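Chain and residue survey
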Amino acid sequence: MESLVSSPLTDASLHPKALVIGDFNTFSIERTMRERDDVDLMDSIFDLSGFERAAHNTTTYFGYRPRIFDRVWSRGVAIKRAEVYGPCRKDSVAFPFSQHGYYEKFISDHCAL
């Protein structure tokens, strides 16, 4: 996992403001049997480069058991909120590709943060 944060992203003098956002498929210690939860391991890696994880409770995976897989780490940027876009929003329009059931079946089980 150490390769997640590589040069030049690790050099804060080159990029004092940076965001790392994505679907990291992080799992708990009960599932991975590692010494810590995946997200805690990733925190320790990103922390070495001055990143902090933005706390949010936004569910981005709606499969069998909805979970929070998208994570946000920032350096020099204040994160005020995290939102899901597209069909996972409650106010999504009724076009077929933007309806949650259609989206999950034909496009992805994951909505972007």
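Before reading on, note that the structure itself is shown above.
Residues numbered from 1 in each chain as written. Predicted model: local features only at pLDDT ≥ 70, side-chain atom pairs only at ≥ 80, totals over all residues. Heavy atoms only, no water.

As for the pattern of salt bridges
Within the structure shown, the criterion is met by three salt bridges. The salt bridge partner of aspartate 40 is arginine 53, with a shortest N-O separation of 4.0 Å. One end of the pair, aspartate 40, is in helix α2 (residues 38-47); the other, arginine 53, is in strand β2 (residues 52-53), and 13 residues separate them in sequence. For arginine 53, a relative accessible area of 33% corresponds to the partly exposed category. Each of Asp40, Asp43 and Arg53 takes part in salt bridges that share partners, so that together they form one network. (Salt bridge = Lys/Arg side-chain N within 4 Å of Asp/Glu carboxyl O. Helix = DSSP H or I, 4+ residues; strand = E, 2+ residues; numbered from the N terminus. Buried < 20%, exposed > 50% of the residue type's maximum accessible area, 1.4 Å probe, protein only.)

Some points on the pairing of strand β3 (residues 70-75)
Consecutive side chains along a regular strand alternate between the two faces of the sheet. Of all six residues in β3, six are buried; the element is thus mostly enclosed. Side chains Asp70, Val72 and Ser74 project from β3 onto one buried face, and the interleaved Arg71, Trp73 and Arg75 project onto a second face that is buried too. The pairing of strand β1 (residues 18-23) with β3 spans six bridges and is classified as antiparallel. Paired with alanine 18 across the strands is arginine 75, a residue of β3. Taken together, the two bridges between β2 and β3 define a ladder with antiparallel strand orientation. Within the sheet, the bridge partner assigned to arginine 53 lies in β3 and is tryptophan 73. (Pairing = 2+ DSSP bridges.)

Quick word on the environment of asparagine 25
Topologically, asparagine 25 is positioned in the loop between β1 and α1 (29-32). Residue class for asparagine 25 comes out partly exposed when judged on its relative accessible area of 40%. C-alpha separation for the pair asparagine 25 and isoleucine 68, spaced 43 residues apart in sequence, amounts to 8.4 Å.

Remarks on the sheet that holds β3
Pairing in this open sheet of three strands is antiparallel, and the strands run β1-β3-β2 from one edge to the other. The open sheet is flanked by β1 and β2, the only strands paired with a single partner. Set on the sheet, α2 makes contact with β1, β2 and β3; between it and β3 the angle comes to about 20 degrees. (Contact = heavy atoms within 4.5 Å. Axes fitted to C-alpha atoms, helices over the stretch in contact; angles between N-to-C directions.)

Considerations on the nonpolar core
One finds Ala18, Val20, Val39, Met42, Phe46, Phe51 and Trp73 forming the largest nonpolar core, which totals seven residues. Those elements that provide at least two residues to this core are β1 and α2. Of the residues forming this core, the biggest block, three residues, is contributed by α2. Sequence-distant contacts of valine 39, defined by excluding residues within four places in its chain, comprise Thr26, Arg53, Arg71 and Trp73. (Core = buried A, V, L, I, M, F, W, Y, C linked by side-chain atoms within 4.5 Å.)

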